[in-house]
Amino acid sequence: MRTTFFVALIAAFAGCFTGCRSAEKESPGEAQKIAVSWELISNFTGTESGFDARFTLANKSNFPLTDANWTLFFNMSPRPILPNKSAQQATVQHINGDWYKLTPNKGFSLKPGATVEIRYEGTEGVNKITDAPLGPYFVFYDKQGKEENVVQVADYTVKPFSKREQILRGKNDMEPLPTAEHTYQTNLTASLIPAEKLQEIIPSPVKITTGGGTLALSNALPIQYGPGLENEGQFLGQKLKILTGKDFQQTKSGAGGKRISLQIAPVSVNGTTSEAYRLHIDANGVSITGNDAAGVFYGVQSLLAMVPTETYLTPSETISLPYAQVDDAPRFHFRGMHVDVSRNFQTKETILRLLDLLAFYKINQFLFYTTEDEGWRLEIDGLPELTKVGAQREHTSGKETPVLHPSYGSGPKAYEKGKYGSGYYTKADFIEILKYAKQRHIKVIPELNFPGHARAAIKAMEARYNRLMSEGKEQEANEYRLIDPDDKSVYQSAQGYTDNVVSVGKESTYHFYEKVVDEITKMYKEAGVPMDVMHVGGDEVPEGAWTRSPIAAKLLTDNPSIKDPKNLQTYFLRTLLKRLEKRKLSIHGWEEVALLKSADGKYQPNPEFVGRNVVPYIWNNLFDPDLGNRLANSGYPVVLCNVSNFYFDLAYNNDPQEPGLYWAGYVDTRNNWTFAPFDMFKTTYKDAMGKPLNFAGLERMKPEARKNVLGIEAQLWSETVKGREMAEYYILPKLLGFAESAWSPERNWETIENRQEREKAISTGWNIFANTLAQKDLPRLSRINGGYNYRLPLPGAIVQNGLLKANVELPGLAIRYTTTGAEPTAQSALYTKPVKVTGLVKLKSFDASGRSSRSAVVAVH
């Protein structure tokens, strides 16, 4: 889900350059000498929420650039481009999605050794390095205007964002500048607490009592497991071997004695039985009793969470565990994580690592987002074009071809090393993922987003159509075709696409959907995993879709009750739902699946699908703040995915070096932790630009509707996520805050009406959690599975009267600094109290594993 890509009028530029001088013959090697740089000039322009930027081209090659022999293509976070206010030698044009081009205007000439600047403006302010143009490449043309060479820019630089007008998104941006001084002031509410006051387990259990003794756990204690728990016994044995270096004997339940016992027996905690468990540690060993196998598994995870962090950092044959009794069950049965692998691909190995992470923090649903406009990532028998065409991005002559054009900096070549635009999971890969998730009690939810967000499928099926038509197989060619070829509708999606909506009036569209669902079902069956849910997406169908489609027009004529093309989205879901119900599938989708558009374009709950196993996922709590409440009150079972709390792809803050998006503001770990699911207004205070929200007159969730909240889900959309390390950086430590909101009992502050008192209680609880992250969980994550790439916060710092004062968001992290301008290392001076400094001060936070943050900088004047 994304914020609206506001439709902008793009000026019509001269398109026919007759009499142009023909291109000199250029070699790729020479072309790579053309240097390109990009600079954001300002977000404070004459256009509200606009930006002003410039390209600089330096021709270091031995041939001239003319007004006919080149175009520079690139990707950029989708924004409408405005007409130039002054004459420029070249023009930036939007092509489709996030694909843009810079084309020379008539009379352009850049001789060897010359430099030219080209300015342009657009809407929606830019303040991140990750917003800058990505993956630039030149296409050179011959005398006839045909493509001759495609050459990636080898010398490309993005100038730093350092000024106020580059960091703030315009005059309406109310967020403070991300200075070390501001961070210092923010961190003043945090304080260091001793180890004995840390949270024993993340997420917090319902009840934990610790005794006075300790158990020396070693492989002298066998693992004894009851019927149906072989998986859990083996899992625990593998983890303990990593921690101790020793094999643990594993047996089915037998004689007594000192041991680690895993059993299923009735367990109820706070009235919850599903996934409930009891963990007992005493002189006789460890006993884990679950109401079901999942409960035993979560008891095992809690046991592993109680292992001292020092043991993870330095394995030992014996683990010292405090005597304890844990009684626990989840607050919500649905505790989900969504990962988009379509915008940028992630390997199977990365997904398996993520599943381990989710299991450790008791997340039990994984929405595997394998289809989108920019990529189709799953092999489907009988439809080879879905992966041959839909799983790779490369340069193409235009958006009309049956090829996926470059997106998100993927460049002109498919499967290029270091790029993430191409890739897919084979059937064997997907089945392995399903089995791996099942062993960790995680349900993988498959997805096929229709009728919008469907460009990859559309282009793949057009390639299939063309292939079969060339073979004279017209009937077969049309079997899975997804478009009305005569559709002249004009629209632009939230991500800037003009061609990503399927025809809802063609039987072949539904036939395609059924084919994909049936093939996915076969993979689930082969994995030994039941498939009872399909996520249909259903979001962000742009205004204007189907308005000039002959097939849609006939559908409206034949079904006058539909009335308006905008209601065809509901028609599509109604038709699809009948077919999926026959397959005994529940239908999950984004909020639009449960909404109707009124005549003025506003969304209202649609009562039609209540009671039909349709589950809307609600992300929009900023632009329609009470939507989740209204849908729950209407009787829909809902999953809360609040963008202000749970969108992991939104940047931690507005530091230009901090990667991520911000169309809905900034989201950090505390936002994930601070969430009141039944009264979201208590924990959402400001809009995307930092302006205070006003909830007066909005609908509250009725007490009787609380049962309709199935749970919550975190999202990782991947537009800016390139590879495993970036994914883990975005996810960690946000996931830990999310897990606390998903599993743990209601926090005391969730029901405090007085805001000042509530904020005080939140601050107290967060301080304990923040200390636990710094002192326990983050260092441990440096070792699990070879280490995850979690984020550590930059220190805050001020210099007053020559004295350096520093602090950190997560107490327990060490602060090291230099005064020479050098980057701090683990050997640099340790900050313990205010100290006299001179020069350029750089500071980093370090955890017990030796991991560090980026540098904060303070200049001493």
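Rules used throughout
- Residues numbered from 1 in each chain as written.
- Predicted model: local features only at pLDDT ≥ 70, side-chain atom pairs only at ≥ 80, totals over all residues.
- Heavy atoms only, no water.
- Helix = DSSP H or I, 4+ residues; strand = E, 2+ residues; numbered from the N terminus.
- Rg over C-alpha atoms; globule rule 2.2 N^0.38 Å.
- Buried < 20%, exposed > 50% of the residue type's maximum accessible area, 1.4 Å probe, protein only.
- Contact = heavy atoms within 4.5 Å.
- Areas by Shrake-Rupley, 256 points an atom, 1.4 Å probe, with all protein chains shown as cover.
- Lys, Arg positive; Asp, Glu negative; His and termini not counted.
- Charge placed at Lys NZ, Arg CZ, Asp CG, Glu CD.
- Axes fitted to C-alpha atoms, helices over the stretch in contact; angles between N-to-C directions.
- Parallel < 35°, antiparallel > 145°, perpendicular 65-115°, else oblique.
- Left-handed = near helix turned anticlockwise from the far one by under 90°.
- Pairing = 2+ DSSP bridges.
- Salt bridge = Lys/Arg side-chain N within 4 Å of Asp/Glu carboxyl O.

Enquirer: Describe the overall build of the chain, naming the residues involved and giving the relevant values.
Expert: On a plain count of helices and strands, the chain comes out with 20 helices and 37 strands. Here the C-alpha radius of gyration of the chain, 28 Å, is about what a compact globule of 861 residues would show, namely 29 Å. Every one of the 861 residues in the chain was classed for burial, and the buried ones make up 60%. In the chain, the proportion of contacts linking residues at least 24 apart, taken out of those at least 6 apart, comes to 75%. Total accessible area on the chain stands at roughly 33,000 Å², and carbon and sulfur atoms take up 51% of it. In the chain, 99 positive and 96 negative side-chain charges are present, and the distance between their average locations comes to 2 Å.

Enquirer: How would you explain the packing of helix α19 (residues 734-743) against helix α20 (residues 755-781) if you had to name every residue and give the values?
Expert: How two helices sit against one another is set out by the angle between their axes and by the gap between those axes. α20 packs onto α19 with a crossing angle of 120 degrees between their chain directions and a minimal axis gap of 11 Å. When the axis of α19 is compared with that of α20, the two are oblique. For the pair α19 and α20, the sense of crossing is right-handed. Note on element contacts: α20 touches α19 through F769, L773, D777 and L781, opposite L736, G737 and E740.

Enquirer: So what's going on with the sheet that holds strand β31 (residues 796-800)? Residues and values would help.
Expert: Strand order in the open sheet made by the 3 strands is β31-β32-β35, with antiparallel pairing throughout. In the strand order of this sheet, the two ends are held by β31 and β35 (835-836), each with one partner. Across 5 bridges, the pairing between β31 and strand β32 (residues 803-807) is antiparallel. Paired with V799 across the bridge in β32 is L804.

Enquirer: Describe the pattern of salt bridges, with residues and values.
Expert: On inspection of all chains with the given rule, the structure shows 55 salt bridges. Of the charged contacts, one joins R583 and D518 as a salt bridge, the two residues approaching to 2.7 Å between their closest N and O atoms. Remark: D518 occurs in helix α12 (residues 507-527) and R583 occurs in the loop between α14 (568-581) and β25 (586-590); sequence separation between them is 65 residues. Its relative accessible area of 28% is what places R583 among the partly exposed residues. A relative accessible area of 30% means that D518 is categorised as partly exposed. One network of salt bridges, with partners in common, ties together D340, R343, E372, E374 and E719.

Enquirer: Any details on the side chain of T387? Residues and values, ideally.
Expert: Tracing the chain through its elements places T387 in helix α8 (residues 385-388). Contacts of T387, omitting those with residues within four sequence positions, involve W376, L378, E379, Q392 and Y424.

Enquirer: Provide a residue-level description of the sheet that holds strand β37 (residues 856-859), including the pertinent values.
Expert: Strand order in this open sheet of 4 strands is β34-β33-β36-β37, and the pairing throughout is antiparallel. A single partner strand is all that each edge strand has here, and the edge strands are β34 (829-830) and β37. Of the strand pairs in this sheet, strand β33 (residues 814-818) and strand β36 (residues 840-846) are connected by 5 bridges, and their pairing is antiparallel. Bridging from a neighbouring strand, I815 pairs with S845 of β36.

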